[in-house]
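Breakdown of the fold
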Protein chains: 2
Amino acid sequence: MITVEEAKHIILENTQDFGIEEIPFLQAVGRVLKEDIVADRDFPPFNRVAMDGIAINHRFFEHGIRDFKIEGIQAAGSPQQTLDNAANCYEVMTGAVLPNNTDTVIRYEDVDINTLVATITIDEIKEGQNIHIQGSDKSEGTILIKKNTIISAAEIGVLATVGKATVKVAKQPKVMIVSTGDELVDVNENPLDHQIRRSNVYTLVSLLNDLKIQAETTHIADEKSVLKEKIESYLKEYDTLLFSGAVSKGKFDFLPEVLDELGVKKLFHRVSQRPGKPFWAGFTNNCNVFAFPGNPVSTFVNCLVYFYPWYYKSVAVSSEEKTAILVKDITFKPNLSCFLQVKLTSENGQVYATPIQGNGSGDLASLVEADGFIEFPKTEEVAFKKGSVFPIIKFR
Amino acid sequence: MITVEEAKHIILENTQDFGIEEIPFLQAVGRVLKEDIVADRDFPPFNRVAMDGIAINHRFFEHGIRDFKIEGIQAAGSPQQTLDNAANCYEVMTGAVLPNNTDTVIRYEDVDINTLVATITIDEIKEGQNIHIQGSDKSEGTILIKKNTIISAAEIGVLATVGKATVKVAKQPKVMIVSTGDELVDVNENPLDHQIRRSNVYTLVSLLNDLKIQAETTHIADEKSVLKEKIESYLKEYDTLLFSGAVSKGKFDFLPEVLDELGVKKLFHRVSQRPGKPFWAGFTNNCNVFAFPGNPVSTFVNCLVYFYPWYYKSVAVSSEEKTAILVKDITFKPNLSCFLQVKLTSENGQVYATPIQGNGSGDLASLVEADGFIEFPKTEEVAFKKGSVFPIIKFR
């Protein structure tokens, strides 16, 4: 049985290239940018007035002049005006081009205006003040957003500004999520005493939705021939298959056998972790297969621990490890990596992880109280101390 | 001029009730639950086999018996079987109902099986082991998810399990986002020298999208009569109006005046903060108005600082304050709250905030390097020390 680290390493060696597509920029939130975004002009593109007020020549102020005849108004959105007499002033609005022949802006708060003349009421003015100089943020040709950035509201603003009405992003994988298990009925059905409703596929849909992947779902009965026939066609049609269930030691856990018979190359089966041990992973030329154990917490953890980093590396996004401080002593079985659901809180710049009292890998209700999982390493020890720091994986 | 704290307080005193709607559960990710979700059965609903293996009566093992004749297989999804002879065993699969007349499950790894008989190969077995007892996670009638929870993948799993094919959530406000400013052209246009492209409305659309609010956008020219006519109809048609621009001291900043003439009750205008000072807020009987200053960073900050908490309180979601540790000394003007863009990093269970060298409230490109804002309080001091802890607002 391999370790979590080995399993992660193998998974990350087998990423996929989903290709690139061009989409309207406003639909690109959460997607991964696949082109550098370059300033099409200087930022700002002109010497931009940064305060409502008047624009003057500083040398006249320096020589003691306080009254400036108003020649006109330079509005935002109007072509640049020119101050005819350098001893006069222009009224100027935030966002406007600084008029020709002026070099300093004084805000209205520091000026008395009668219809024709503006009188400056303060004694200290810095030459060039309140002007957002052309190219001072970024100059034309500068890379504003690097390829492989996840697009958020901040990037959307920049894309709009440089006129990227459409933008190149990583295509998303075409994913099918398959549940197995004859005990399962659908959400809108009433289960008999020995049945339960399907939930893992919908949890997975939501987790993939957080990555902006629209996955399809289906259910296959625990019958080997049916399983084989359906998976054969899915392997051709999809980039990625996620399974939940049928990978353990049960009499009807046909999945590893079926995948093998269909020529899916096994990467590994079983990882020394709890929950989620019987995880099976493999690939064909065109498809990656993640077969997660059917217990709800196992499926949930394994999607976060393996599928998420695999997806991020496939689209060339680097993700940072996060850590938290354990708030109470925890003991568990030695020689297994352990993923425990935790509530995360922030205090004084620190992140604290409070373990949620769950009832094993079947207890999906306990996830509602959690924000993520804490990862305890595989060691000989069985006790982890309050105050120690461990990696965490957040899911909300 | 009021403080940020006063402005927040006033905004939060003027929340809105958007009502409730019922939607398909799988579309409810990110939405706010408006009903308690109750266990429709025990969790698990039967004594559930938790390992593939055999089920026996522990008392026979206790009396030294190791060989158990196999009576049959209890598959997941099959009605409960009964062990006829208490000295025999049943093969049982994970997820199956525990057969009648058995009380302990031994996993396949600890059993040798020939066709008819299972031989237990270990000497220590706990009575009742590997059984997930009916109701041990939650009993029927227990509240599994509380009203006013934001629905994530964890909640989706629970909703599926209890058969909530549709679920009651907070309706979203009908929002119109309006840009003003005659210098603005649209994303797919080529700006003239004195023009720039619209970006703030799209940034706001994305920020609201993160709250699962689908907002509409429009642009109104800096002409008072047009502004007034259009806003009059928007005030009737929408729950919330967000403006960007036309709230400062410029000659064409008609918005406060127009809103006043249209009977919008002003809550405040101008807050002692940087950026975002000229923020104007008001309301009518059916509509809340947030008029943000037009500089990109101002609009961005104010949406996070005011609209987000207002929305959360409107839908009865409590949000936790987050904090981070400042990594270098920062000085700025006294007597203003300051929101500074920061890059956040996690190390050793601590969150560090590195200020991003921005170029004022017009510099939207600097937001691309940031993950959030740090909030420095309004004080007489002008210096904040490296290592101090301050509130942060994350936007990615």
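Residues numbered from 1 in each chain as written. Chains lettered and ligands numbered in written order. Predicted model: local features only at pLDDT ≥ 70, side-chain atom pairs only at ≥ 80, totals over all residues. Heavy atoms only, no water.

Superposition record for chain A on chain B: RMSD 0.0 Å, screw rotation 180°, translation along axis 0.0 Å. This pairing of chains is accounted for by a two-fold axis. Residues of chain A ranked by C-alpha distance from the rotation axis are headed by A:Gln350, positioned 2.1 Å from it. Of all interface residues in chain A, 100% are interface residues in chain B too; the two copies therefore contact each other through one and the same surface. (Least-squares fit on C-alpha atoms with pLDDT ≥ 70 in both. Contact = heavy atoms within 4.5 Å.)

What follows deals with the pairing of strand E20 (residues 280-283) of chain B. Residues and elements named next belong to chain B. For strand E18 (residues 265-269) and E20, the ladder comprises 4 bridges, and the chain directions are antiparallel. Bridged to phenylalanine 268 within E20 is alanine 281. Pairing between E20 and strand E21 (residues 288-292): 4 bridges, direction antiparallel. The residue bridging alanine 281 from the neighbouring strand is phenylalanine 290, located in E21. Linkage of E20 to E21, two consecutive antiparallel strands, is achieved through a turn of 4 residues. (Pairing = 2+ DSSP bridges. Helix = DSSP H or I, 4+ residues; strand = E, 2+ residues; numbered from the N terminus.)

All names here are of chain B. Spatial strand order, E16-E13-E17-E21-E20-E18: 6 strands in an open sheet with mixed pairing. The sheet is open, and its two borders are formed by strand E16 (216-219) and E18, each paired with just one other strand. Here the average twist between neighbouring strands, direction ignored, is 15°. Of the strands in this sheet, strand E13 (175-179), E16, strand E17 (240-244) and E21 are in contact with helix H4 (residues 200-209), which crosses E13 at around 155°. (Axes fitted to C-alpha atoms, helices over the stretch in contact; angles between N-to-C directions.)

Residues and elements named next belong to chain A. A cis amide bond, omega -5°, links arginine 274 with the succeeding residue proline 275. Mapped onto the elements, proline 275 comes out in the loop between strand E19 (273-274) and strand E20 (280-283). Positive phi, close to 75°, is recorded for asparagine 101, a residue that is not glycine. Counting through the fold element by element, asparagine 101 comes out in the loop between strand E6 (89-92) and strand E7 (104-107).

What follows deals with helix H1 (residues 4-12) of chain A. Of all the residues in H1(A), the buried ones are A:Val4, A:Ala7 and A:Ile11. Seen end-on, H1(A) carries its buried residues on one side only, within an arc spanning 65°. (Buried < 20%, exposed > 50% of the residue type's maximum accessible area, 1.4 Å probe, protein only. Arc of directions from axis to C-beta.)

It is worth spelling out helix H7 (residues 296-314) of chain B at this point. With 19 residues, H7(B) should cover 27 Å at 1.5 Å per step; its first-to-last C-alpha distance of 26 Å lies within 8% of that length. The largest bend along H7(B) measures about 35° and falls at B:Cys303. (Expected span 1.5 Å × (residues − 1). Bend = angle between axes of the 7 residues up to and from the residue.)

Between helix H3 (residues 153-161) of chain A and H4(B), the shortest axis-to-axis distance is 8 Å and the interhelical angle comes to 155°. When the interaxial angle is binned, H3(A) and H4(B) end up roughly antiparallel. In terms of crossing hand, the pair formed by H3(A) and H4(B) is right-handed. Contacts between H3(A) and H4(B) involve A:Ala153, A:Ile156, A:Gly157 and A:Ala160 from the former and B:Tyr202, B:Thr203, B:Ser206 and B:Leu207 from the latter. (Parallel < 35°, antiparallel > 145°, perpendicular 65-115°, else oblique. Left-handed = near helix turned anticlockwise from the far one by under 90°.)

Residue and element names in this part refer to chain A. Side chains Val351, Ala353 and Pro355 of strand E25 (residues 350-355) all project onto a buried face; the interleaved residues Gln350, Tyr352 and Thr354 project onto a face where none is buried. In this sheet, E25 lies alongside strand E22 (residues 322-326) in parallel orientation, the contact comprising 2 bridges. Looking across to E25, one finds that leucine 326 is bridged to alanine 353. In the sheet, strand E24 (residues 337-347) pairs with E25 via 6 bridges, with the strands oriented antiparallel. Bridged to threonine 345 within E25 is tyrosine 352. Here E24 hands over to E25 after 2 residues, with asparagine 348 in that stretch at a positive phi of 55°.

Residues and elements named next belong to chain A. Domain annotation of chain A identifies domain 1 (4-18 + 172-314), domain 2 (21-43 + 137-170), domain 3 (48-132) and domain 4 (322-394). Placing a centre on the C-alpha atoms of domain 1 and another on those of domain 4 gives a separation of 25 Å. Opposite the 16 residues of domain 1 that make contact, domain 4 presents 17 residues. Surface buried jointly by domain 1 and domain 4 totals about 1400 Å² across both partners, of which 69% is contributed by carbon and sulfur atoms. Ranking the residues of domain 1 by area buried against domain 4 places Ser272, Arg274 and Val297 at the top, with a combined share of 39%. Counting across the domain 1 and domain 4 interface gives 1 salt bridge. A salt bridge links lysine 8 to glutamate 375; its shortest N-O distance comes to 3.5 Å. One can count 3 residue pairs in polar contact (both at pLDDT 80 or more) joining domain 1 with domain 4. Of all the secondary structure elements, the ones that give two or more residues to the side of domain 1 that touches domain 4 are H1, E19 and helix H7 (296-314). Of the residues forming the side of domain 1 that touches domain 4, the biggest block, 7 residues, is contributed by H7. When the residues that make up the side of domain 1 that touches domain 4 are grouped by side-chain class, the tally is 8 nonpolar, 5 polar and 3 charged. (Domains from an automatic or database assignment. Buried area = accessible area lost by both parts, 1.4 Å probe. Salt bridge = Lys/Arg side-chain N within 4 Å of Asp/Glu carboxyl O. Polar contact = N/O pair within 3.5 Å; in protein donor to acceptor, adjacent residues only side chain to side chain. Nonpolar A, V, L, I, M, F, W, Y, C, P; charged D, E, K, R; others polar.)

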